Structures are given as C-alpha cells and as structure tokens.
Amino acid sequence: MNNNINGEPHRPGRIEVICGSMFSGKTEELIRRLRRAKFARQQVEIFKPAIDVRYSEEDVVSHDQNHIHSTPIDSSASILLLSSDIDVVGIDEAQFLDMGLPDVCNELANRGVRVIVAGLDMDFRGHPFGPMPQLCAIADDVTKVHAICVRCGSLAYVSHRLVDNDRRVLLGETHEYEPLCRECYKKALVKEKERKNG
C-alpha cells in the first residue's frame, strides 16, 4: 500500500491478464505472481471455475503439477462476495466464467485490489473465448505467453483439438489438444476437411 500525495493510504488497484494457448505456462505464471504476493504478506484469494476438476476439485494446478489452494466458483458474482479485505485476487481459467467477469474485475480494481486473471484467449477454432477479449481490453497489463508448436517448433498460436467433438468447452490435456503455430494449424484444418469429405 502506498500513500497518495496527501499522505493518505492508497491501494493501487489494477488488472493483470495472462493469456495464450494451452500448455503456454499461463497457470504457472499466475501461481508465481500469487506466491510472490503471499511472500510479501499480502492477503491473497484465488478462484477457479467449479467445472475445472482436471487435476483437483479445489486447487489451481499447472500442467507441471505446481499448485495453489483456490475456491471453486460457479459465477463471477461470487468473487465479490468472497473477497472482502483482500489485497490480491487471482482467477484461473477465466474463459470458462460468465460475461460478468470484466465488471467484477473492474469493481475490484476500483476498490484498490490487484486482480490477476489467467485464461485461454482463443478456443480450439481460433475464436476469442468467453470474457477474455473484454478482460484484455480493460487490463492495465496483458502478458501473452506462448507454447511451442509440437509440429515445427515455432511459437504456438492456438490450441488445436485432436478429438472429434464440436462442443466449445471440452476439458482436456495432451490427448485432446496440441499447441500449433498458425501455419501448422492451417495445414491441420485442411487435412481434417479432406478426411471428413473423403
């Protein structure tokens, strides 16, 4: 907490967004920032969508198995109810939350809370995902992290779905998704179209 020009306590609220494809280290970076805040003796609360139970029902867990305790929620409005007297709020897998999340994050930041949000910026079709575009627009800082394309080694652009399922939300890992660069993604789409038509 800093003092403003009049010497009064001032908490500089802000919104930080960490986005990118799957396997790019978003959750790893979120956990790193939250652990630093805890080390600085700040009051930290972490939230994740209740539907994300891939590794744990309660913890936020990275693909490298780093984890930090969190509170599962069904709606973004719950964050406001559960984060009084908090210095830092962390939110993982934000793409799965409702479109009220940007307003919630703005309200928290306006209260002086540091809000750190991690999520997929695009779905498996390469379309902007859930509230992430709005969060990127209102953020004080956006960090785009990149996985490595598993086919050519370039920076990945999108999370390519390997299984035949058109549902937008499909929780998965390396058996269901692979990070691809733009060129390899275009080639994969051509092959899929040929397979379906052939």
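Worth saying up front: this structure is predicted, and the values here are computed from it rather than measured. (Residues numbered from 1 in each chain as written. Predicted model: local features only at pLDDT ≥ 70, side-chain atom pairs only at ≥ 80, totals over all residues. Heavy atoms only, no water.)

### A closer look at the sheet that holds strand E3 (residues 14-20)
Selection rule: A pair of strands counts as paired when DSSP detects no fewer than two bridges linking them. Working definition: helices are DSSP H or I runs of at least four residues, strands are E runs of at least two. Numbering for both runs from the N terminus. Interaxial angle, 0 to 180 degrees, is taken between N-to-C directions of lines fitted to C-alpha atoms, where a helix line uses only the stretch in contact. Should any heavy atoms of two residues lie within 4.5 Å, those residues are counted as being in contact.
Strands sit in the order E7-E4-E8-E9-E3-E10 across an open sheet of six strands; the sheet is parallel. The open sheet has two edge strands, strand E7 (71-73) and strand E10 (141-145), and neither has a second partner. Along the sheet, successive strands turn relative to each other by an average axial angle of 20°, direction set aside. The strands that helix H1 (residues 26-39) touches are E3, strand E4 (44-49), strand E8 (88-91), strand E9 (114-120) and E10; relative to E9, the one it contacts most, it runs at about 165°.

### Section: the confidence of the model for the chain
Note the threshold: The predictor attaches a confidence to each residue, called pLDDT, with possible values from 0 through 100.
Here the chain shows a mean pLDDT of 86. Residues at 70 or above account for 82%. Between residues 59-63, whose pLDDT stays under 50, and residues either more than four places distant or in other chains, the model counts 26 contacts.

### A look at unusual backbone geometry
In most cases, non-glycine residues show a negative phi, while peptide bonds are predominantly trans. Rules: Per-residue accessibility, obtained with a 1.4 Å probe over protein chains only, is compared with the maximum for each type, and a residue is labelled buried under 20%, exposed over 50%, and partly exposed between these values.
Phi at Asp85 is positive, roughly 55°, even though this residue is not glycine. Residue Asp85 is classed as exposed on the basis of its relative accessible area of 70%.

### A few points about helix H5 (residues 182-197)
Going by this rule: Helix span is expected to be 1.5 Å times the residue number reduced by one. Note that the arc is defined by the directions from the helix axis to the C-beta atoms.
Along its 16 residues, H5 runs 23 Å from first to last C-alpha, staying within 8% of the 22 Å computed at 1.5 Å per residue. Listing the buried residues of H5 in full gives Cys184, Tyr185 and Ala188. In an axial view of H5, the angular spread of the buried residues amounts to 100°, which keeps them on one side of the axis. Residues of H5 that are exposed and angled more than 90 degrees away from the buried face: Lys187, Lys193, Glu194 and Asn197. Against strand E11 (158-161) and strand E12 (177-180) lie the buried residues of H5.

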